[in-house]
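# Observations on chain architecture
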Number of protein chains: 2
Amino acid sequence: MTRFPDHAGVIDAARSIAAILPPTPLLPAEIGGTVCWVKAENLQPIGAFKIRGGWWRLSNLTPEERRAGVVAVSSGNHAQGVAWAARRLGIAATIVMPRDAPEVKLASTRALGAEVVLYDRPGEDRDAVAARLIAERGGVLVHAFGDPWVIEGQGSAGIEAAAQLGRAPTRIIACCGGGGLAAGLALACPDSAIHLVEPEGWDMVGQALAAGEIVHAGPDAPRTICDALQPTATKPINLNVLSGRAEPGVTVTDAEVRHAQRWAFAHLQLVIEPGGAAALAAALAGNVPLDEGTVIMVTGGNADPAAYARTLSHAD
Amino acid sequence: MTRFPDHAGVIDAARSIAAILPPTPLLPAEIGGTVCWVKAENLQPIGAFKIRGGWWRLSNLTPEERRAGVVAVSSGNHAQGVAWAARRLGIAATIVMPRDAPEVKLASTRALGAEVVLYDRPGEDRDAVAARLIAERGGVLVHAFGDPWVIEGQGSAGIEAAAQLGRAPTRIIACCGGGGLAAGLALACPDSAIHLVEPEGWDMVGQALAAGEIVHAGPDAPRTICDALQPTATKPINLNVLSGRAEPGVTVTDAEVRHAQRWAFAHLQLVIEPGGAAALAAALAGNVPLDEGTVIMVTGGNADPAAYARTLSHAD
């Protein structure tokens, strides 16, 4: 019943995305004497790689599904990815977002023409909110990571990076929320090692890979500044793609993430939001082996200005 | 005696630079409903476009000149451009920098292997310091803007932008210190209007264009946050290229520059230093006409973290 994502699908997604978006730059970055490559997906029009999955999913809707519109659940970047694709394709979009999502992400999603429905992160089940909306109004759910087209769309970043590098990366380091990007990259680059980086205490994908089954975040999961990397569990489709394929998961602390944000400011002139800096944080912290074929995914730059200013000032 | 820069020289420079550096991205930016194009030169390896002029000048030295080494005078970005090219070409570089240059620019220049000689900005004549060094030790002066190769090298950014746009820009908006970039762009894109943007009170090129002769900054010139845009006068070579070619000069205030830095943070995910944001500031302030063939040069991103944090927090 469920369509399974595959390498050919990622290639098709990359071709479709190349027709509407120029490649994001692959920038050299010297870390501990090794020149690695930063894939600057924060420079996408919505400030995050999520535009890829949103585009590929929505452009594969049937005419009937397009008329029904789409519903998505997101802390912010997937919201903007879906809203951007919906506007371009003339599809109505409703996005369920946590009330505590960064203001910049709420405002941008609305500016793209989507209707935003808020929920309370700790109290309400966001999937239930979305299901209720769909029962009431109809519409197709575009899951942020547990969807074959979304996975293929995100994977297109790997196809692009390999083309820019001139060869398959030896390894790709990617931040990981639910595992959509990581699964897509694993399918895109079958010969590259895939390293997932999750915030400390939110390593649901790393734990699931180790356990061989889905692991849920407990109610006592710690706070993290990586607002984009807090899904409470991965999905079977992501675990299926990643099992036996990804390297053991790696975690990073808030302090390591902030250091990476400052490093990118000083060395790359890039604004990176906390979640988008997780892979770079792991590379800088020495948590992942590096070589000259290493691609580090910098996935988003929709940072809250006040929080970013505090990070630059070492004030938190 | 003096070689005069020309379009063919800019084309040659662009070819030489394309062999060592990938093009910087040309990013769409919607300003007041018009989609313009931002040339993100802050993403160069040294964080500024000055790598272009440094490379083209140094790679045109004779073998004897290479052995003698180079001397440059710079508040920071030209310093890094020359140091980067010198390291790559195996040439000794000495850079005369103001003692109050941003710490990040001093440190980066030293990290590239150049010897830094400091001078006091108000008290000492930096050109005299450089002349004394050359008299003592020998070496070739690489002027930051009044040099034919430097002008051609900077102009290569215009060739790149036109190729990325697919046609000649209708207009190019560029920040202007001594006029090296502006002159290079004028030669690169003979069919494009060239708009120079200078900090309020430091519009020595705009004033020189209006007067038809070189104008010097007085001792009472106001403070500006654009540390990279404070040469006290343009040079004849720059004025010759720009006379009758550039549009009337435009100025921007510190407040307009800070607004542009914040706008780029939120909309482009780019870190821009004050001087590098001047052209964008003029575009956002409505000081320059905009259309869909407009290229806005974002020229540097070597921002001081504390100052940038204050700008983001509206604290200055």
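Residues numbered from 1 in each chain as written. Chains lettered and ligands numbered in written order. Predicted model: local features only at pLDDT ≥ 70, side-chain atom pairs only at ≥ 80, totals over all residues. Heavy atoms only, no water.

## As for the relation of the copies chain A and chain B
As a reminder, the rule being used: Least squares is the method used to superpose the copies, on C-alpha atoms of residues holding a pLDDT of at least 70 in both. We call two residues in contact whenever any of their non-hydrogen atoms come within 4.5 Å of each other.
Screw-axis analysis of chain A against chain B gives a translation of 0.0 Å along the axis, an RMSD of 0.0 Å, and a rotation angle of 180°. Classification of the inter-copy transformation places it as that of a two-fold axis. By C-alpha distance to the rotation axis, the residue of chain A lying nearest is A309(A), at 2.2 Å. Residue by residue, 100% of the interface of chain A is reproduced at the interface of chain B, so both copies engage with the same surface.

## Observations concerning the sheet that holds strand 1 (residues 26-31) of chain B
Residue and element names in this part refer to chain B. Here is the rule we go by: Paired strands, in this sense, are two strands between which DSSP finds at least two bridges. Helix and strand definitions here come from DSSP, where helices need a minimum of 4 consecutive H or I residues and strands a minimum of 2 consecutive E residues; each element is numbered from the N-terminal end. Here, axes are lines fitted to C-alpha atoms. For helices the fit covers the stretch in contact, and angles between N-to-C directions go from 0 to 180 degrees.
Read across the sheet, six strands follow the order 1-2-10-7-8-9 without closing on themselves; strand pairing throughout is mixed. A strand with exactly one partner marks an edge of an open sheet, and here the two such strands are strand 1 and strand 9 (250-252). Averaged over all adjacent pairs, the angle separating strand axes in this sheet is 30°, with direction ignored. Note that strand 7 (residues 171-175) and strand 8 (residues 193-199) share five bridges and pair parallel. Bridging from a neighbouring strand, A174 pairs with L196 of strand 8.

## Quick word on the packing of helix 1 (residues 7-18) of chain A against helix 2 (residues 51-58) of chain A
All names here are of chain A. For clarity, the threshold we go by: Note on terminology: angles under 35 degrees are roughly parallel, angles over 145 are roughly antiparallel, angles of 65 to 115 are roughly perpendicular, and the others are oblique.
At a closest axis distance of 10 Å, the pairing of helix 1 and helix 2 adopts a crossing angle of 100°. On the basis of the axis angle, helix 1 is roughly perpendicular to helix 2. Only R52, W55 and W56 of helix 2 make contact with helix 1, whose side of the interface consists of G9, D12, A13, S16 and I17.

## What to know about the domain arrangement of chain A
Residue and element names in this part refer to chain A. Our working definition: In this entry, domain limits derive from an automatic or database-based domain assignment. In this description, buried area is defined as the sum, over both parts, of the accessible area (probe of 1.4 Å) that is lost when the two are combined. Here a salt bridge means any side-chain nitrogen of Lys or Arg lying within 4 Å of a carboxyl oxygen belonging to Asp or Glu. We define a polar contact as two N or O atoms separated by no more than 3.5 Å, with the added condition that, inside protein, one atom must be a possible hydrogen donor and the other a possible acceptor, whereas residues neighbouring each other in sequence contribute only through side-chain atom pairs. Three classes are used, and their members are as follows: Ala, Val, Leu, Ile, Met, Phe, Trp, Tyr, Cys and Pro are nonpolar, Asp, Glu, Lys and Arg are charged, and the others, Gly among them, are polar.
Domain boundaries in chain A define domain 1 (7-48 + 148-312) and domain 2 (51-142). Just the C-alpha atoms count here: the centres of domain 1 and domain 2 sit 22 Å apart. Tallying the contact residues gives 30 residues for domain 1 and 22 residues for domain 2. Counting the surface lost from both domain 1 and domain 2, the interface buries some 2,100 Å², and carbon and sulfur atoms represent 60% of this. Sorting the residues of domain 1 by area buried against domain 2 places I20, I46 and W149 first, and these three jointly supply 32% of that buried surface. Note that K105 and E273 form a salt bridge whose closest N and O atoms lie 2.7 Å from each other. Where domain 1 meets domain 2, there are 10 residue pairs in polar contact (both at pLDDT 80 or more). For the side of domain 1 that touches domain 2, the leading source of residues is helix 7 (residues 148-165), giving eight residues. Its residues assigned to classes, the side of domain 1 that touches domain 2 shows 13 nonpolar, nine polar and eight charged.

## So, the packing of helix 1 of chain A against helix 7 of chain A
Residues and elements named next belong to chain A. Look at helix 1 against helix 7: their axes get within 8 Å of each other, and the N-to-C directions meet at 80°. What the angle tells us is that helix 1 and helix 7 run roughly perpendicular. In this structure, helix 1 uses H7, G9, V10, I11, A13, A14 and I17 to contact helix 7, whose residues at the interface are E152, G153, G155, S156 and I159. Of the residues contributing to the contact of helix 1 with helix 7, the split by class is six nonpolar, five polar and one charged.

## Observations regarding the packing of aromatic side chains
Rules: Each Phe, Tyr or Trp ring, with Trp reduced to its six-membered ring, pairs with another whose centre is within 6.5 Å; inter-plane angles below 30 degrees give stacked pairs, above 60 give edge-to-face pairs, and intermediate values give tilted ones. Whether a charge lies above a ring is judged from NZ of Lys or CZ of Arg, which has to be within 6 Å of the ring centre and within 35 degrees of the ring normal.
For the coordinates displayed, the defined rule picks out four aromatic pairs over all chains. Here F265(A) and Y308(B) contribute two aromatic rings whose centre-to-centre distance is 5.0 Å and whose plane-to-plane angle is 65°, an arrangement assigned as edge-to-face. Of this pair, F265(A) sits in helix 11 (residues 254-267) while Y308(B) sits in helix 13 (residues 305-312), each in a different chain. Taking the ring centre of W149(A) as reference, the NZ or CZ of R57(A) above it sits at 4.0 Å.

## Some remarks on the interface of chain A and chain B
On the chain B side, the residues contacting the 20 residues of chain A number 20 residues. Summing both partners gives a buried area of about 1,700 Å² for chain A against chain B, and 70% of it is carried by carbon and sulfur. At the surface where chain A touches chain B, the tally comes to four residue pairs in polar contact (both at pLDDT 80 or more). Top contributing element to the side of chain A that touches chain B by residue count: helix 13 (residues 305-312) of chain A, with four residues. Here the residues of the side of chain A that touches chain B sort into 12 nonpolar, seven polar and one charged.

## Some words on the sheet that holds strand 9 (residues 250-252) of chain A
Residue and element names in this part refer to chain A. Within the open sheet, the six strands sit side by side as 1-2-10-7-8-9. Their pairing is mixed. Looking along the sheet, the strands with just one partner apiece sit at the ends: strand 1 (26-31) and strand 9. Averaged over all neighbouring strand pairs, the angle between strand axes comes to 30°, with direction disregarded. Where strand 2 (residues 34-40) meets strand 10 (residues 294-298), four bridges bridge the pair, whose relative direction is parallel. Bridging across to strand 10, K39 finds its partner in M297.

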